Number of protein chains: 6
Amino acid sequence: VTTAETILSAPEKASVLAEALPYIRRFAGKVVVVKYGGNAMEDESLARIFAEDIVLMRAVGMCPVVVHGGGPQIGDLMSRLGKKPEFRRGLRVTDADTLDIARMVLVGRINRDIVSAINVHGPLAVGLSGEDAQLISAVARSPELGFVGDVDAVNAGILERLLAQDLVPVLATIGADTTGQSYNINADTVAGAVAEALGAERLVYLTNIEGLLADVRDPASRISAIAAADLEAMVTDGAVSEGMIPKLASCVHALRNGVRRAHILDGRVPHVLLLEFFTDEGVGTMVEP
Amino acid sequence: VTTAETILSAPEKASVLAEALPYIRRFAGKVVVVKYGGNAMEDESLARIFAEDIVLMRAVGMCPVVVHGGGPQIGDLMSRLGKKPEFRRGLRVTDADTLDIARMVLVGRINRDIVSAINVHGPLAVGLSGEDAQLISAVARSPELGFVGDVDAVNAGILERLLAQDLVPVLATIGADTTGQSYNINADTVAGAVAEALGAERLVYLTNIEGLLADVRDPASRISAIAAADLEAMVTDGAVSEGMIPKLASCVHALRNGVRRAHILDGRVPHVLLLEFFTDEGVGTMVEP
Amino acid sequence: VTTAETILSAPEKASVLAEALPYIRRFAGKVVVVKYGGNAMEDESLARIFAEDIVLMRAVGMCPVVVHGGGPQIGDLMSRLGKKPEFRRGLRVTDADTLDIARMVLVGRINRDIVSAINVHGPLAVGLSGEDAQLISAVARSPELGFVGDVDAVNAGILERLLAQDLVPVLATIGADTTGQSYNINADTVAGAVAEALGAERLVYLTNIEGLLADVRDPASRISAIAAADLEAMVTDGAVSEGMIPKLASCVHALRNGVRRAHILDGRVPHVLLLEFFTDEGVGTMVEP
Amino acid sequence: VTTAETILSAPEKASVLAEALPYIRRFAGKVVVVKYGGNAMEDESLARIFAEDIVLMRAVGMCPVVVHGGGPQIGDLMSRLGKKPEFRRGLRVTDADTLDIARMVLVGRINRDIVSAINVHGPLAVGLSGEDAQLISAVARSPELGFVGDVDAVNAGILERLLAQDLVPVLATIGADTTGQSYNINADTVAGAVAEALGAERLVYLTNIEGLLADVRDPASRISAIAAADLEAMVTDGAVSEGMIPKLASCVHALRNGVRRAHILDGRVPHVLLLEFFTDEGVGTMVEP
Amino acid sequence: VTTAETILSAPEKASVLAEALPYIRRFAGKVVVVKYGGNAMEDESLARIFAEDIVLMRAVGMCPVVVHGGGPQIGDLMSRLGKKPEFRRGLRVTDADTLDIARMVLVGRINRDIVSAINVHGPLAVGLSGEDAQLISAVARSPELGFVGDVDAVNAGILERLLAQDLVPVLATIGADTTGQSYNINADTVAGAVAEALGAERLVYLTNIEGLLADVRDPASRISAIAAADLEAMVTDGAVSEGMIPKLASCVHALRNGVRRAHILDGRVPHVLLLEFFTDEGVGTMVEP
Amino acid sequence: VTTAETILSAPEKASVLAEALPYIRRFAGKVVVVKYGGNAMEDESLARIFAEDIVLMRAVGMCPVVVHGGGPQIGDLMSRLGKKPEFRRGLRVTDADTLDIARMVLVGRINRDIVSAINVHGPLAVGLSGEDAQLISAVARSPELGFVGDVDAVNAGILERLLAQDLVPVLATIGADTTGQSYNINADTVAGAVAEALGAERLVYLTNIEGLLADVRDPASRISAIAAADLEAMVTDGAVSEGMIPKLASCVHALRNGVRRAHILDGRVPHVLLLEFFTDEGVGTMVEP
């Protein structure tokens, strides 16, 4: 990046800014929900660049909402505490202590790190969990999984008010039920549900892949655009890796409930959000309703 | 409590409500900062009652702001993780790992528990740390103490906006400096600084004592009201226990900077906030400017 | 009342306040139209307590509207002036002079007394008659009755604006037609019509009875809850005293036009409004749609 | 009036409207307090025209406030009730019964008649007494006079809110003290105090004289304009009739406290308000600060 | 006019103002689109009076919008520049240079003159062309006519905002297409389209005739009121002069799309707008839906 | 430009956008007055790019105001009309006909062209002259110069309201006096006066030079930054060309009256506004207070 800055000529710089103009106008005031995770979150330099991009999006009038999980970091603290993960049918069982740990890591560390990185640029980000102002009402997914939750309802009012005050909500994916009991919820699912509740213009998943591949084994087979119905067919046909299924399911659901477009982007590419939203470059996979 | 409910007659109930009337009117729209800690926080039943009281205060038009610390709980997680506390001149040294632990406990557990307890009654509470929207700008207290901070500035805008939306801010006492580095800050100090920044009508410290004692060894010597200057003199004269000094110093500072009254209340008494604000009962110690 | 205050313990007081909490939340911002009359109006101590209750309801966020008549007091001034009441088919004939007298008593004395009693507690009450801002459009009920009117339309804008300013409207039941001619209207009818126009949550009739009796001769036969349809059947069956018919008719009409609940309460019980709205006590008769 | 209408040509009509233009612009949004009394109030045709003028003033953007007394009408009801007026040093003693009568007449009859006459043209006027929303705080003038009050303070908020809603406040000159006790207050005095509290542009006294006379015995000696200081000198020199003294004193006081101009107008002239405010005609006496 | 002013008596003036009252109330806040042209625009004295009338209409709360053309003045500049007008089938061909001339005359001279004449009375008028804020989207009427346009769409937002700020929009009838190409559009057509888009209460055409004549050759045959359908029949029957056809067509269209009334007035009569709107006089022709 | 677009890599593009971020944040909501003239206005491609830049500035939250003159174009129309320019002491004499011509060209052609070029991108620009809403009050500069004016006062309300509606005011430099007489005013002077009245953050002069030169004869001697006092000294010392004097004088005046910075930029450089405001490039001359 530094190199590019010093080499580019004034007309080249001007051309990039002019190229961005129609995109800036198109997205002004539009809500973009960004599911943040993977390398983009764990690599310190990428994390700093991600914060910059979010600030730039906000600066040009977009309304970004960040939703994050934090599986690996939860595992780290569990192992430090000597807890052994337990699985049933491939899903982690979350007992009360595990929930406490997950909540501390998600709300008390990852969320804080994202908020702090953004707020280096100004008083912009406000961290939330789904417990705040009853933002995410959760229900238990299955008794045998303990405090693993599903989204029952999203009460988006607090998000809308923060957006109206030009703030950037950063949401940790803990929800609570009516008795005040908390649950840990899959972040892809929450991102989709929040995008629906906000009637978002865009739903972005930052991942560790180039985008959706037509052939899982061939990195060059990236699909640049696909319809929700075709995406669903791929899931049914087993053409996508198992780990992608919850992400793609929530993506299809969101597109069928008012979200305009979804993007699966490669979070390992610096400034991938800027490239996607403000240039003519085609990156990742766009999913249309 | 249950017993009282069933025994009281209708006229008795009516008399209590009528007694509360002038207090309700006096405090309508007034900001009350409550430093929450000690037994009131650790006893489950008292914690539930505290949440009820906050909700009632909000319901009758007061604007409560909850500020909390969490020393003992931080110590618990540290010992679970096998970390040994280190002290210099009686103050705990906070290295990066300790800060992470403190932040996780304060923001990710205690803050969440308070928010959840309040939100059982409705979408009312929103948890914050001082990092959100640059609410608390911190500076390092002393290099040898590591990430122990002092309040440099309070940017109360986000609190005012939440209060204007009839929400209850619940604040964990983590602050950040301009580089995004976080610090752990004494909760009594933060409570005073926030009360000042909001021009609060009342600043309440929930403690484990009946109030300020004229004679530390005599529980019956509670002082019901005292002027800030006299309180300062007691500190100078060594008439108060060492542990009370930061609390009393922040209290005096706040009263000299616009806060109308401070109260040192016994958090072990159920509904002590209701008794203090809505009845003729005299409880705890009131400090006047 | 004084006795109760001095005897109750702090926990007992706290329990009453905590009991009131869910009711306060439920009624926040809700409009309650109170038809005020009978003993509650004529007994000075009860009148003072009524004013206190209205102020308390307002203080905890309810929106009370007081509607009052004043038959006996009108009769008093008429007899002082040597006028003989004249009746046709059991209804009082209201000539121009009688109307003048009724208007002076209702607007110039009773309304003023209620306003003054409330405003001892602050600048809260504003007296109105149906002539103000064309609040109540009236039509003559029957030529032979003179200036006895019926409600033709309620223009509730002025009430809504006063409520929005946290004021308490106190309404004398005089209306006017398009030529500016005034009419005296039954207060029970006006209370129902105003409750409808405001979409009130509650419509309360303060009376001199314990509530609706299943057996008019048996004071112990109070009905605690009844559906509007059943109430109507009682009227049809002649199971209620004739004097109650207009009250019950307007009550049924209001419940069929958007008012959520109606209450027939005993105005002779001190603080009956507080007991009904803020405690678990069952008093009077509740009528449901 | 009818004659004029039929005879005037189109150009003549147009000329009058064009002449009014600069005055309409000058007075847009300006508060005018009109003390209404005397013949203008008692003659039915003049009363109707007065209402029309107030409506027209409101229609072109002025903010009229009507203040009225009602001495003769109070006397009428007293004599009907067989009460003998009692005087001390020339001032009427007002016992509790007399106050009741005054209040009924002022608030319950005269105020109502004015409100009704205006509201024939639309939902414009709202009647008030000084008891409403603690508008006029009164103190007893002298123990031996009973409930004759002086203005202690004017709480103009309710007037400002009604004006902001394009309504016309009509104010009966009853005030109340902090215990809720009512007092009858001189209407000229109230008009001046209200004009001060509102920072009125104009204060108008409608009287039964052509204006202030240089020589009381010579109707042709009308003074068209006079400074407040000169007016005060006339009072001191005994050059004005005794009955005018309270009016002139309140007028001078108001001009010294922010009111821009006062006018003493002849209420017997039809449409005298329109002539004064919207034409080049010089009528009555203008008093300048 | 001057003569009338000096001769009329006070009661006569008052009668005119009182006569205007109901009209002022009826038109308060109502939008009136005035197509301004002909003698009223070219005679300096009439132009000054027109500006006064617009200011008076605004002063009493109406929302006038002025739409103007300027055929003769365009012709003048063309001949000064030595350009020969070219016609096809009776319509003027508008090449790029002619458009430039038309635009300069309409926007840069006539519009300015109207704005200046109004603003002598205060900061009231704001000149606009249809290019401002994409107010009028135009399409070419026919290739052979060059830059003669038709109204494709009216984006009335800017007009509504100016009206909401109590300003008087003065609109020159130039429109633009999506490429930024400007077109000259018939002013009668624009006036009708703007009136529709604003849901105007009144659409007024100021002309050089007394109104619509039943018999074109008989000036005494003025039709004072006519229905849109009958007006359309007259056009079909050839009963109106050819020059009137575009005016009448846009008038009928506007009345069928929400405009309440249209008026064809004689712009040669001084203050004809005041006479039409604020007196009982019948002038010109009123067209009803 | 096209070349740059196709050659730049994704990271290069991203770097430019990231470089722009702090500038975008710094200028958000800030008013920038741009004096537009010279080549930038006459070269069609540069004019199109200028419009794009203004739209981009608006899109990222800046509040641009365009002020323009048009000397050469006025001269063109004058010569087409056979008028000979007349000069007194080097200044053009402006008779009524010349004023008409200037007004038509400025308001009716140049202003329209700028508005249309911007509005290709959306309903953004609104053309104004100083006559609109009494925006610029003018006084004659000297009787012998005729209708050449100076700025007497700027009534910036209309500009502020348009900016608040996210519109771009484009201002032709015609002013009017209180009688409605128009004047032609120097555009550099108007730009400075408008920037002062708006408390602008930036005042930009687009010129045909690279910036201010230390040595008029040496294009390489561009001064990149200079204090207002030093600039004034250069004028006094005769170190600047005569044609620059009015521009520099208004610039110094504006900086002494609240404008934060002024820039003399080379309007011949494509996208010079973007380069100045959104990149690290140093272009032109910056003048500081």
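Calculation notes
Within every chain, residues take consecutive numbers counted from 1 along the sequence as written. Chains carry letters and ligands carry numbers; both start at the beginning, A for chains and 1 for ligands, and go up in the order they are written. Local features in this predicted model are restricted to residues whose pLDDT is 70 or higher, and side-chain atom pairs enter the listing and the counts only when it is 80 or higher, whereas totals over whole chains, interfaces and linings include all residues. Hydrogens and water are ignored here; the side-chain numbers use all heavy atoms of the structure. The convention used is that axes are lines fitted to C-alpha atoms, helices contributing only their stretch in contact, and that angles between N-to-C directions extend from 0 to 180 degrees. Helix and strand labels come from DSSP, where a helix needs a run of H or I of at least four residues and a strand needs a run of E of at least two; each type is numbered from the N terminus. The cut-offs work like this: below 35 degrees is roughly parallel, past 145 is roughly antiparallel, 65 to 115 is roughly perpendicular, and the gaps in between are oblique. The sense of a crossing depends on the near helix, which, turned anticlockwise from the far helix by less than a right angle, makes the crossing left-handed and, turned clockwise, makes it right-handed. Whether two residues touch is decided by their heavy atoms; if any such pair falls within 4.5 Å, the residues are in contact. Only Asp, Glu, Lys and Arg are considered charged, only Ala, Val, Leu, Ile, Met, Phe, Trp, Tyr, Cys and Pro nonpolar, and every remaining residue, Gly among them, polar. Two aromatic rings from Phe, Tyr or Trp, using only the six-membered ring of Trp, form a pair when their centres are within 6.5 Å; if the ring planes differ by under 30 degrees the pair is stacked, by over 60 it is edge-to-face, and anything between is tilted. Buried residues are those whose accessible area, probed at 1.4 Å on protein chains only, stays under 20% of the maximum for their type, while exposed residues exceed 50% and partly exposed ones sit between those limits. A least-squares fit on C-alpha atoms brings the copies together, and the residues used are those whose pLDDT is at least 70 in both copies. In short, DSSP must find at least two bridges between two strands for them to pair. Each residue after the first adds 1.5 Å to the expected span of a helix. Two axes define the bend at a residue: one fitted to the seven residues ending there, one fitted to the seven starting there, and the bend is the angle between them.

Caption draft 1: Region of interest: the packing of helix H4 (residues 44–59) of chain B against helix H6 (residues 96–119) of chain B. Residue and element names in this part refer to chain B. For the pair H4 and H6, the least separation of the axes is 8 Å and the interaxial angle reads 60°. Between H4 and H6, the interaxial angle falls into the category oblique. The two elements H4 and H6 cross, and the hand of that crossing is right-handed. Between H4, through Phe 50, Ala 51, Ile 54 and Val 55, and H6, the contact on the second element is made entirely by Ile 114, Ala 117 and Ile 118. In terms of residue class, the contact of H4 with H6 is made up of seven nonpolar, no polar and no charged.

Caption draft 2: Quick look at the packing of aromatic side chains. Residues and elements named next belong to chain A. Tallying each qualifying case throughout the model produces 18 aromatic pairs over all chains. Ring centres of Tyr 36 and Phe 50 lie 3.6 Å apart, and the angle between their planes is 5°; on these two criteria the pair is classed as stacked. Here the residue Tyr 36 occupies a position in strand E1 (residues 31–36), and Phe 50 occupies one in helix H4 (residues 44–59), the gap between them amounting to 14 residues. The exposure class of Tyr 36 is buried, given its relative accessible area of 2%.

Caption draft 3: The arrangement of the relation of the copies chain A and chain F in detail. In the superposition of chain A on chain F (RMSD 0.0 Å, axial shift 0.0 Å), the rotation amounts to 179°. Taken together, the rotation and translation describe the operation of a two-fold axis. By C-alpha distance to the rotation axis, the residue of chain A lying nearest is Val60(A), at 2.3 Å. Interface overlap between copies: 100% of the residues of chain A at the interface are likewise at the interface in chain F, consistent with a symmetric, same-surface contact.

Caption draft 4: Just the sheet that holds strand E14 (residues 285–288) of chain D, in detail. All names here are of chain D. Spatial ordering of the open sheet is given by E5-E8-E2-E1-E11-E13-E14-E12, a layout of eight strands whose pairing is mixed. If you trace the sheet from one side to the other, it starts and ends with strand E5 (125–129) and strand E12 (225–227), each paired once. Adjacent strand axes in the sheet meet at a mean angle of 20°, parallel and antiparallel pairs treated alike. Two elements, strand E1 (residues 31–36) and strand E2 (residues 63–68), share six bridges in a ladder whose sense is parallel. From the neighbouring strand, Tyr 36 faces E2, where its bridge partner is His 68.

Caption draft 5: Seen up close, the environment of Ala254(B). All names here are of chain B. Positionally, Ala 254 belongs in helix H10 (residues 245–255). The class of Ala 254 is buried, set by a relative accessible area of 0%. Taking the C-alpha atoms as reference, Ala 254 lies 27 Å from Val 105; in sequence the two are 149 residues apart. Those residues in contact with Ala 254 that lie beyond four places of it in its chain are Gly 192, Glu 196, Leu 203 and Val 259.

Caption draft 6: Seen up close, the sheet that holds strand E11 (residues 202–207) of chain E. Residues and elements named next belong to chain E. A sheet is described by the order of its strands in space; here eight strands give the open sequence E5-E8-E2-E1-E11-E13-E14-E12, paired in mixed fashion. In this open sheet, the two strands that pair with only one neighbour each are strand E5 (125–129) and strand E12 (225–227). The average undirected angle you get between the axes of adjacent strands in this sheet is 20°. Across six bridges, the pairing between E11 and strand E13 (residues 261–266) is parallel. Across the sheet, the residue bridging to Thr 207 is Asp 266, located in E13.

Caption draft 7: Geometry of the pairing of strand E2 (residues 63–68) of chain B. All names here are of chain B. When you tally the buried positions in E2, you get six out of six residues, the bulk of the element. Alternating residues of E2 divide into Cys 63, Val 65 and Val 67 and Pro 64, Val 66 and His 68, and every residue in both groups is buried. Here E2 pairs with strand E8 (residues 168–172) via three bridges, running parallel. By the bridge assignment for E8, Val 67 is matched with Leu 171.

Caption draft 8: Highlighting helix H6 (residues 96–119) of chain D. Residue and element names in this part refer to chain D. Over its 24 residues, H6 runs 32 Å from end to end, which matches the ideal 34 Å to within 8%, given 1.5 Å per residue. Maximal helix bending in H6 amounts to about 30°, located at Arg 112. The element H6 is extensively covered by neighbouring structure, given that 19 of its 24 residues are classed as buried.

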